[in-house]
Amino acid sequence: SFALFDTKSQTITRLPQFGASAGPPWGDASCTTPPGPAFSPHGIDLGRRADGQWQLLAVNHGGRESVEFFQLLEESEGYRLAWRGCALPPPDSHMNDVAALPAGGFVATHMYPRGSPSLGPFNLDLLKGMLGFDTGYVLHWDGERFEVAAGTRAPYPNGIQVSPDGKTLFVNAYLAGEVRKIAFPGGELLGKARVKGPDNSQWDAEGRLLVASHTAGLVELGACFGITEGACGAAFAIVAVDPGSMEAQTILEHRGAPMGAATVAQQVGDD
């Protein structure tokens, strides 16, 4: 489910399960049914549509592999999400993160084939990515269909962000240890920043990318999947990347309690 963290009151509230659509579908016309109780969200992206309405996109792994569309509504009793449709990627897709495009549609990272054989806590494609082979790419949904975005094949694509003008993608190639700056839709590689294990990214107030970097080894990270109580304490860093020069600066390093293996950073005021 979704939860709302109020940064002023420091309270967390589970948002009510989304109801029926609030209007015409924003997703594919063939997607007419909400995901239901199996809903399992992964990457999300919140922003305003061209008409000013708040849109929340979410990669979903529960019941179906999809990008779900929601409208965020503020009502007298609080915030509510209304389901507005979905888009279904090609078979065997296994997505991670999603980012809306200013002209409509979205881009999403496809990590590796969903049916990749499991090898303990990892899978075959994860091991291929560790050897430098491309395992996935960025999917572009133009409002009607999916296609592979040019120049985006990489070892385990993870987080993704889009420049405000929609002409540049910033793709985190997790197993290559790079944040790649790629022209869209042309696919030219415009630059890259070396960041170990870049997970997800978010913009800060200065227009830099805050990248969550997994500095622990894969063995340490893999051990976290066996934890049944408490939190994973694997080492991580938050790295600020200049989207123009692609220079990277580590602004936080941490290991252990209260949590490790951070996947994303969000600036809130001066914090």
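Heads up: these notes are all about the structure in this document.

Moving on: the overall build of the protein. The helix and strand inventory of the protein stands at 2 helices and 20 strands. In terms of overall dimensions, the protein is globule-like: its C-alpha atoms have a radius of gyration of 18 Å, near the 18 Å expected for 271 residues. Taken over the C-alpha atoms alone, the protein extends approximately 45 × 45 × 40 Å along its principal axes. When burial is assessed residue by residue, the protein has 47% of its 271 residues classed as buried. A sequence separation of at least 24 residues applies to 47% of the contacts in the protein between residues at least 6 apart. Of the roughly 13,700 Å² of accessible surface on the protein, 54% is carried by carbon and sulfur atoms. Put simply, the protein has 19 plus and 29 minus side-chain charges, and the middle of one group is 3 Å from the middle of the other.

Looking now at the side chain of Asn123. Structurally, the position occupied by Asn123 is in strand E10 (residues 122–123). According to the relative accessible area criterion, Asn123 is buried, its value standing at 9%. Polar side-chain contacts of Asn123 include one of 3.4 Å to the side chain of Ser116. Those residues in contact with Asn123 that sit more than four places away from it in its chain are Tyr112, Ser116, Pro117 and Ser118.

Turning our attention to the environment of Lys181. Its place among the elements puts Lys181 in strand E15 (residues 178–183). When the C-alpha positions of Lys181 and Lys128 are compared, they lie 23 Å apart, and in sequence the two are 53 residues distant. Residues contacting Lys181, with those up to four places away along its chain left out, are Thr168, Leu169, Phe170, Glu188, Leu189, Leu190, Gly191, Pro243, Gly244 and Met246. At a separation of 3.4 Å, a polar atom in the side chain of Lys181 contacts the main-chain carbonyl oxygen of Gly244.

A covalent bond between the sulfur atoms of two cysteines is referred to as a disulfide. Evaluated as defined, the whole model comprises 2 disulfides. A sulfur-sulfur distance of 2.0 Å marks the disulfide that ties Cys31 to Cys86. Taking the sign of the S-S torsion, 110° for the link of Cys31 and Cys86, the bridge is right-handed. Taken together, the residues Cys31 in the loop between strand E2 (11–14) and strand E3 (41–48) and Cys86 in strand E6 (residues 78–87) connect sequence positions 55 residues apart. At a sulfur-sulfur separation of 1.9 Å, the disulfide partner of Cys224 is Cys232. Across the S-S bond of Cys224 and Cys232 the torsion is about 55°, and the bridge reads as right-handed.

What counts and what doesn't
- Residues numbered from 1 in each chain as written.
- Predicted model: local features only at pLDDT ≥ 70, side-chain atom pairs only at ≥ 80, totals over all residues.
- Heavy atoms only, no water.
- Helix = DSSP H or I, 4+ residues; strand = E, 2+ residues; numbered from the N terminus.
- Rg over C-alpha atoms; globule rule 2.2 N^0.38 Å.
- Buried < 20%, exposed > 50% of the residue type's maximum accessible area, 1.4 Å probe, protein only.
- Contact = heavy atoms within 4.5 Å.
- Areas by Shrake-Rupley, 256 points an atom, 1.4 Å probe, with all protein chains shown as cover.
- Lys, Arg positive; Asp, Glu negative; His and termini not counted.
- Charge placed at Lys NZ, Arg CZ, Asp CG, Glu CD.
- Polar contact = N/O pair within 3.5 Å; in protein donor to acceptor, adjacent residues only side chain to side chain.
- Disulfide = S-S within 2.5 Å.

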